[in-house]
Amino acid sequence: MAVCEVCSNDYAMSFEVHAQGAVHVFDSFECAIHAMSPVCEHCGVKISGHGVEASGRFFCCAHCARAVGVGPELVRDHA
């Protein structure tokens with residue numbers, strides 16, 4: 001068994017996520033999303049889907065990117 005790094009649950013079916021040279025242990029996808037998802041730079045929501053990247057900044061949608069002045073030519077949708 002391993003302990004979830006978010007909620008400290010000691011769970012027999014925990015899993016590891018290997019990312020950027022680090023190993024993270026979680027007991028659910030909910031905890032993994034909470035810990036690892038980027039945050040929209042406009043509204044602050046956790047981005048658990050594909051999101052939008054513009055000039056190295058992450059947003060939950062094109063609307064949020066445009067709301068902070070990112071031009072449509074710079075908005076890249078990761079769908």
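Residues numbered from 1 in each chain as written. Predicted model: local features only at pLDDT ≥ 70, side-chain atom pairs only at ≥ 80, totals over all residues. Heavy atoms only, no water.

### Re the overall build of the protein chain
Threshold: A run of H or I in DSSP becomes a helix once it reaches four residues, and a run of E becomes a strand once it reaches two; helices and strands are each numbered from the N terminus. Computation of the radius of gyration draws on C-alpha atoms, with the globule rule given as 2.2 Å multiplied by the number of residues to the power 0.38. Any residue under 20% of the maximum accessible area for its type is buried, any over 50% is exposed, and the rest in between are partly exposed; the area is computed with a 1.4 Å probe on protein chains only. Contacts: residue pairs with any heavy atoms within 4.5 Å of one another. In this description, accessible areas are obtained by the Shrake-Rupley approach with a 1.4 Å probe, and a residue is regarded as covered only by the protein chains that are shown. We treat Lys and Arg as the positive residues and Asp and Glu as the negative residues; His and chain ends play no part in the count. Charge placement uses NZ in Lys and CZ in Arg. For Asp and Glu, CG and CD serve respectively.
When its secondary structure is counted, the protein chain shows two helices and seven strands. When the helices and strands of the protein chain are listed from N to C terminus, the series reads β-β-β-β-α-β-β-α-β. Computed over the C-alpha atoms, the radius of gyration of the protein chain is 16 Å, more than 25% above the 12 Å expected from 2.2 N^0.38 for a compact globule of 79 residues. In terms of principal-axis extent, the alpha carbons of the protein chain reach across some 50 × 25 × 15 Å. Taken across its 79 residues, the protein chain has 24% of its residues classed as buried. Sequence separation of 24 or more characterises 14% of the internal contacts of the protein chain that already satisfy a separation of 6 or more. Accessible area for the protein chain stands at about 5,200 Å²; split by element, carbon and sulfur atoms hold 55% of it. In the protein chain, the 4 positive side-chain charges and the 9 negative ones have mean positions that sit 14 Å from each other.

### What about the nonpolar core?
Using the following cut-off: Remark: nonpolar core denotes a set of buried residues (Ala, Val, Leu, Ile, Met, Phe, Trp, Tyr, Cys) joined through side-chain atoms within 4.5 Å.
Among the nonpolar cores identified, the biggest contains eight residues, and these are Cys40, Ile47, Val52, Ala54, Phe59, Cys64, Ala65 and Val70. Excluding its chain neighbours within four sequence positions, the residues that come into contact with Phe59 are Cys40, Glu41, His42, Ile47, Gly51, Val52, Ala54, Cys64, Ala65, Val68 and Val70.

### What about the environment of Leu74?
Structurally, Leu74 is set in the loop between α2 (62–67) and β7 (75–77). Separated by 55 residues in the primary sequence, Leu74 and Ala19 place their C-alpha atoms 27 Å from one another. Once you skip the residues sitting within four places of it in the chain, Leu74 turns out to touch Glu53, Ala54 and Ser55.

### Comments concerning the pairing of strand β4 (residues 22–26)
Counted only if it meets this: By this definition, two strands are paired if DSSP reports at least two bridges between them.
Examined bridge by bridge, strand β3 (residues 15–19) and β4 share five bridges and lie antiparallel to one another. From the neighbouring strand, Phe15 faces β4, where its bridge partner is Phe26. Remark: two residues form the turn of the hairpin made by β3 and β4, two consecutive strands paired antiparallel; Gln20 in that turn has positive phi of roughly 50 degrees.

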